[in-house]
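Fold and contact review
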Amino acid sequence: SMSAAEFLPDDPARRTDLSALERAAEGCRGCDLYKDATQTVFGSGPADAEIVFVGEQPGDNEDRTGEPFVGPAGQVLNDALEDAGIDRSKVYITNAVKHFKHTLQGSRRIHAKPSAREITACKPWIEAEFAAIKPRAIVCLGATAAQAILGRDFRITKQRGEIRETPFSPITTATWHPSAILRVPEEDATQRMYDDLADDLYAVAQLMA
Ligand code: URA
Ligand code: SF4
């Protein structure tokens, strides 16, 4: 079946080179999502990053700019990183799925949830990013990333903040997605979820110190 695997560089040295991976991902047709998106949004950050953050997929702003977490969700993430004492320029930020999946409502592009098939199809890219970086910690933001990295049974509502060892990193955890915080209508829930996110990031920062 279709997947990103056949679009990875053949040369083993280029398979662990983030720039070579990013260039290869520009031409990925491992699932149908490239068709309606502007561009591949690859991960961003230094190759020697100790922490990798994994979101769901690029949103409208990310699709236009080509960079992950630059829109409203990115602003929430920036605030939480700052509150946790984590320097965004020193971490690597990426997504489980690298093209923007959306539906049209008039001219508005509305985020659509990637399917399990699409998440699986895109997984070779994130695995290659992990292999290139060898992060000391991975933080999954939201259920999509948690499912891809921690398994289909992982429940963010019950298990956020738990630290697991995975083949990808000795410290692998998951917390609320910044967009989920923006979506909850109740103001007290918004504050509570934001505090959870900042607390979870702070706990990871402490483990790294
Ligand atoms: N939401 C995500 O999951 N990733 C982004 O890059 C932006 C919004
Ligand atoms: Fe390839 Fe992932 Fe884009 Fe699908 S979403 S085309 S697998 S980069």
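Data block above holds the structure.
To keep things clear, this report deals only with the structure shown in the data block. Source: prediction; values computed, not measured. (Residues numbered from 1 in each chain as written. Chains lettered and ligands numbered in written order. Predicted model: local features only at pLDDT ≥ 70, side-chain atom pairs only at ≥ 80, totals over all residues. Heavy atoms only, no water.)

**Points about the pattern of salt bridges**
In this structure the tally under the stated criterion is 11 salt bridges. The shortest N-O distance in the salt bridge between Arg109 and Asp63 comes to 2.9 Å. On the criterion of sequence distance, the pair formed by Arg109 in strand β4 (residues 108-111) and Asp63 in helix α3 (residues 60-65) is long-range, its members being 46 residues apart. The closest approach of N and O atoms between Asp87 and Lys90, which form a salt bridge, is 3.4 Å. Given a relative accessible area of 55%, Lys90 falls into the exposed group. What emerges from the salt-bridge pattern is a single network uniting Asp60, Asp63, Arg64 and Arg109. (Salt bridge = Lys/Arg side-chain N within 4 Å of Asp/Glu carboxyl O. Helix = DSSP H or I, 4+ residues; strand = E, 2+ residues; numbered from the N terminus. Buried < 20%, exposed > 50% of the residue type's maximum accessible area, 1.4 Å probe, protein only.)

**Brief notes about unusual backbone geometry**
Phi is positive for Phe69, close to 50°, though the residue is something other than glycine. One can find Phe69 in the loop between α3 and α4 (72-84). A relative accessible area of 5% means that Phe69 is categorised as buried. Although it is not a glycine, Lys134 adopts a positive phi angle of roughly 50°.

**Focus: the packing of aromatic side chains**
Across all of its chains, the model carries 2 aromatic pairs by this definition. Seen from their ring centres, Phe130 and Phe168 are 5.1 Å apart, and the 40° between their planes marks the pair as tilted. On the criterion of sequence distance, the pair formed by Phe130 in helix α5 (residues 116-133) and Phe168 in the loop between β6 (164-166) and β7 (169-175) is long-range, its members being 38 residues apart. For the pair Phe130 and Phe168, one class covers both residues: buried. Above the ring of Phe42, the side-chain terminus of Lys98 is found at 5.6 Å from the ring centroid. (Phe/Tyr/Trp six-rings, centres within 6.5 Å; stacked < 30°, edge-to-face > 60°. Lys NZ or Arg CZ within 6 Å of the ring centre and 35° of its normal.)

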